[in-house]
Amino acid sequence: MVESMIKDINLAPQGQKKIDWVKSHMPVLNKLGEEFQENQPFAGKKIVICLHLEAKTGYLALILKNSGAEVAVVASNPLSTQDDVVAALVKAGVKAYAWYGASDEEYRLHLNKALDFGPDLIVDDGGDLVSLLHGDRKDVLNNVIGGCEETTTGVLRLKAMHKEGTLAFPMVAVNDALSKYLFDNRYGTGQSVWDGINRTTNLVVAGKNVVVIGYGWCGKGVAMRAKGLGAKVIVCEVDPIKANEALMDGFKIMPLIEAAPVGDYFITITGNKSVIRAEHFKVMKDQAILANAGHFDVEISKSDLNELAEYVVEVRKNILQFQLPDGRSLNLLADGRLVNLAAGDGHPAEIMDMSFALQAQSLYYLLKNKLEPGVHGVPEEIDSKVAQVRLEALGLKIDRLTPEQIEYLAGWQL
Ligand code: ADE
């Protein structure tokens, strides 16, 4: 068996079933997997994947392994790891260093173990792997050809590193591809966040006041689906353009301090810290539900909640209830971690199909082209190819421009 640090290898059959299920709903990755299996583009290369370790990620890891790479996986969040999926990967010959609920210390140990592998290529989600490589693990930095970043928070961190002149290798910002954020961030987050909240709370959304904080692509999806579930949606924003967008999409906008006393659900999705804090908790309704969908668990101030509360009870799996001295209770879901992954299975398979096809193609692009250190976009051909292959897989056709139309669009004269 390959080297690993996991919970229990006996969970592998259950994990394999989960992987088999998503595989039958990921046609773009299936097609790419067939091509890669034939051509073995990653032969002799070592790839470390630091993503949410659930079934779709598992399938990506297997595809890369079948494309010739030696693969190691590590979690991008200790509460999103599914131990059975990780066991299935180890059984299939993928190194894995992760278990559900790893402490901060264990999480760091796992990241370090994965880096001991000496990767040529990396896939990161949120930037922890890149950050460690440029900090304590500079010993393996020179080996890295480059990598891909999955999410908005990670891309922001990479851009900050590049601006400072510290980013030592090229990173492809997969998050910023159109085939990624238009679908994954909007429809993926929109659906999976409500899936996580609903399966955790088992409460009705229709008729409730839902406060969505942050109106980026993810926030737009969450607000759109809240409306579809019959909620009255309030959006809180700091950006006047996005606030106007929310308004014209049909939502109420107001500062959080005004939304706090009326909200039944609060969902943070800003990428920032201390977004909901003491001043807001103090005026919230009894039984308000607090959920975070941003990458880190810093958006809802847990320290403020702990300071305000007399005591805390786990009232249901993934719900911590903070009992305040005035008799009100506030319910925090999934310990303030990404609710769709820590209390759910992440985005739907068909959505991750596109995102992970972009990841695999971008790794190949990095390998074939000598890119400068910095943050690179996904090439347009890869972006539209992924969208095209998905349409083909669905048996759908679209129109083509005529030569006359192409010429017309390229011209400027009257
Ligand atoms: N599954 C694997 N990675 C994910 C991500 N970044 N967001 C949602 N679901 C995922």
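Residues numbered from 1 in each chain as written. Predicted model: local features only at pLDDT ≥ 70, side-chain atom pairs only at ≥ 80, totals over all residues. Heavy atoms only, no water.

Caption draft 1: Just the site of the ligand, in detail. By nearness alone, every residue bordering the ligand is listed as His52, Glu54, Thr57, Asp125, Glu150, Leu341, Gly346, His347, Met352 and Phe356. The contact in question runs from a nitrogen atom of the ligand to an N or O atom on the side chain of Asp125, over 2.9 Å. The separation between a nitrogen atom of the ligand and a polar main-chain atom of His347 is 3.0 Å. Burial of the ligand by the surrounding chains reaches 94%, relative to a free accessible area of 260 Å². Among the residues making up the shell around the ligand, the classes are represented as three nonpolar, four polar and three charged. (Near = heavy atom within 4 Å. Polar contact = N/O pair within 3.5 Å; in protein donor to acceptor, adjacent residues only side chain to side chain. Areas by Shrake-Rupley, 256 points an atom, 1.4 Å probe, with all protein chains shown as cover. Nonpolar A, V, L, I, M, F, W, Y, C, P; charged D, E, K, R; others polar.)

Caption draft 2: Expanded view of the sheet that holds strand β13 (residues 311-316). With mixed pairing, eight strands are arranged side by side in an open sheet as β10-β9-β8-β11-β12-β15-β14-β13. The open sheet terminates on both sides in strands that have one partner only, identified here as β10 (252-253) and β13. Against the sheet, helix α8 (residues 178-201) touches β8 (209-213), β11 (265-268), β12 (288-292), β13, β14 (319-323) and β15 (329-333), its axis set at about 140 degrees to β11. (Pairing = 2+ DSSP bridges. Helix = DSSP H or I, 4+ residues; strand = E, 2+ residues; numbered from the N terminus. Contact = heavy atoms within 4.5 Å. Axes fitted to C-alpha atoms, helices over the stretch in contact; angles between N-to-C directions.)

Caption draft 3: Fine view of the nonpolar core. In terms of nonpolar packing, the biggest core is built from 80 residues, with Ile49, Leu64, Val73 and Leu363 touching the most fellow members. Element by element, the count of residues in this core is highest for helix α15 (residues 349-368), at nine residues. The next biggest cluster of nonpolar side chains, apart from the first, holds 29 residues, and it includes Val212, Ala223, Ile289 and Leu333. (Core = buried A, V, L, I, M, F, W, Y, C linked by side-chain atoms within 4.5 Å. Buried < 20%, exposed > 50% of the residue type's maximum accessible area, 1.4 Å probe, protein only.)

Caption draft 4: Spotlight on the sheet that holds strand β5 (residues 121-124). Read across the open sheet, the eight strands follow the order β1-β4-β3-β2-β5-β6-β7-β16; overall the sheet is parallel. With one partner strand each, in any of the chains shown, β1 (4-5) and β16 (374-376) form the two edges of the open sheet. Strand direction decides the pairing type here: strand β6 (residues 146-149) and strand β7 (residues 170-173), joined by three bridges, are parallel. Bridged to Glu149 within β7 is Ala173.

Caption draft 5: Spatial organisation of the pairing of β5. Covered by surrounding structure in β5 are Leu121 and Val123 together with Ile122 and Asp124, the residues of both alternating faces. Across four bridges, strand β2 (residues 46-51) lies against β5 in parallel orientation. Residue pairing in the sheet places Ile49 in a bridge with Val123 of β5. As defined by bridge partners, β5 adjoins β6 across four bridges and the pair is classed as parallel.

Caption draft 6: A look at the packing of aromatic side chains. As enumerated under the stated definition, the model contains six aromatic pairs in all. Between the aromatic rings of Trp194 and Tyr265, the centroid separation amounts to 5.6 Å while the plane-to-plane angle is 70 degrees, which identifies the pairing as edge-to-face. Taken together, the residues span a long stretch of sequence, with Trp194 in helix α8 and Tyr265 in strand β11 at a distance of 71 residues. Residue Trp194 shares its accessibility class with Tyr265, and that shared class is buried. Ring geometry for Tyr215 and Phe251: centres 6.1 Å apart, planes at 75 degrees, overall edge-to-face. (Phe/Tyr/Trp six-rings, centres within 6.5 Å; stacked < 30°, edge-to-face > 60°.)

Caption draft 7: Representation of the pattern of salt bridges. In the structure shown here, the tally under the stated rule is 19 salt bridges. A salt bridge links Arg137 to Asp116; its shortest N-O distance comes to 2.8 Å. Highlighted residues: Arg137 in the loop between α6 (128-133) and β6 and Asp116 in helix α5 (residues 104-116), separated in sequence by 21 residues. One salt bridge connects Lys302 with Asp335, and the closest N-O pair in it is separated by 3.4 Å. One end of the pair, Lys302, is in helix α13 (residues 302-308); the other, Asp335, is in the loop between β15 and α14 (339-342), and 33 residues separate them in sequence. Residues joined by salt bridges that share partners form a network here, namely Asp297, Lys302, Asp335 and Arg337. (Salt bridge = Lys/Arg side-chain N within 4 Å of Asp/Glu carboxyl O.)

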